[in-house]
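# Structural description and commentary
As a plain string of letters, each chain reads:
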Amino acid sequence: LVVYREIKPRQLFHLFYRAAETTAVIMFLVSAAGVSAWLITTANIPQQLAELVQPLMGNKMLLTFVLMIMVLVIGSALDFTPTVLIMTPVLMPVLKQAGIDPVYFGVLFIMNNAIGLITPPVGIVLNVMCGVAKISMKDLMQGLWPFLWAELFVLLLLGLAWSALYAAA
């Protein structure tokens, strides 16, 4: 408005209205994820998950691998923010009980979640890209497969580096 003079004063109301609309949608998702996280925590699901993976608690690498597969599946169906807001309070007690470094697991978790967003058949980003580019899912996936495999390989390398780090410690 002032520096580039690309926005006219009469456009401000519409811009503020669209910004408020977008913010409301995002905040609704965040609040719904917060309520879901509270319900999950109240239903004692973290403790049940810890009991479910109890046989894996002795092997941190296997436990991390199982949790990463779970995050990949959930991340392919849910958007990034709700997945982080819902899964963090569920997984954190399990990580603490298993003695897994939450910072390194967080890096793996975020990478895995990002991979989940482009994993077929549900990947939310895939559907958005097909709609924006007006191409079929088949055409999009032909160009995406090499990158998806590379990202999964990097995630595997990070997991192996993590296990080597813990084996040396």
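A short tour of the structure in this document, coming up. (Residues numbered from 1 in each chain as written. Predicted model: local features only at pLDDT ≥ 70, side-chain atom pairs only at ≥ 80, totals over all residues. Heavy atoms only, no water.)

### Remarks on the nonpolar core
- Among the nonpolar cores identified, the biggest contains 31 residues, and L63, L91 and F105 are the most heavily contacted of them.
- Of all the elements in the fold, those that place two or more residues in this core are α2 (45–52), α3 (60–77), α4 (80–98), α5 (102–117), α6 (124–133) and α7 (137–168).
- Among the elements that line this core, the one with the most residues is α4, at seven residues.
- Apart from residues no more than four positions distant in its own chain, L91 is found in contact with L49, L67, M70, V71, F105 and F109. (Core = buried A, V, L, I, M, F, W, Y, C linked by side-chain atoms within 4.5 Å. Buried < 20%, exposed > 50% of the residue type's maximum accessible area, 1.4 Å probe, protein only. Helix = DSSP H or I, 4+ residues; strand = E, 2+ residues; numbered from the N terminus. Contact = heavy atoms within 4.5 Å.)

### Regarding the side chain of T64
- Its place among the elements puts T64 in helix α3.
- Classification of T64 as buried rests on a relative accessible area of 3%.
- One polar contact links the side chain of T64 to the main-chain carbonyl oxygen of K60, over a distance of 2.7 Å. (Polar contact = N/O pair within 3.5 Å; in protein donor to acceptor, adjacent residues only side chain to side chain.)

### Observations regarding the packing of aromatic side chains
- Enumeration over the complete set of coordinates arrives at three aromatic pairs.
- Seen from their ring centres, F13 and Y17 are 6.4 Å apart, and the 25 degrees between their planes marks the pair as stacked. Here the residue F13 and the residue Y17 both occupy positions in helix α1 (residues 12–42), the gap between them amounting to four residues, near one helical turn.
- The class of Y17 is partly exposed, set by a relative accessible area of 47%.
- Ring centres 6.0 Å apart and planes at 25 degrees place the aromatic pair W145 and W149 in the stacked group. Of this pair, W145 and W149 both sit in helix α7, separated by four residues, roughly a single helical turn. (Phe/Tyr/Trp six-rings, centres within 6.5 Å; stacked < 30°, edge-to-face > 60°.)

### Side note on the environment of V90
- Mapped onto the elements of the fold, V90 is located in helix α4.
- On the accessibility criterion, V90 (5% relative accessible area) is buried.

### A look at α4
- Over its 19 residues, α4 extends 25 Å from the first C-alpha to the last, a length consistent with the 27 Å expected when each residue adds 1.5 Å.
- Looking one or two residues beyond α4, the residue adopting positive phi is G99, at roughly 80 degrees. (Expected span 1.5 Å × (residues − 1).)

### Points about the pattern of salt bridges
- Overall, the coordinates contain one salt bridge when judged by the stated rule.
- The shortest N-O distance in the salt bridge between R18 and E21 comes to 2.7 Å. In this pair, R18 and E21 are both assigned in helix α1, three residues apart and thus about one turn of the helix distant.
- Overall, R18 belongs to the partly exposed group, its relative accessible area being 44%. (Salt bridge = Lys/Arg side-chain N within 4 Å of Asp/Glu carboxyl O.)

### Structural notes on a nonpolar patch on the surface
- Taken together, the side chains of L1, V2, V3, Y4, I7 and L15 define a hydrophobic patch exposed on the protein surface, amounting to about 630 Å² of accessible area.
- Mapped onto the fold, V2 is located in the segment before α1. (Patch = residues over 30% accessible without salt bridge, like charges linked within 9 Å, V, L, I, M, F, W, Y side chains within 5 Å. Areas by Shrake-Rupley, 256 points an atom, 1.4 Å probe, with all protein chains shown as cover.)

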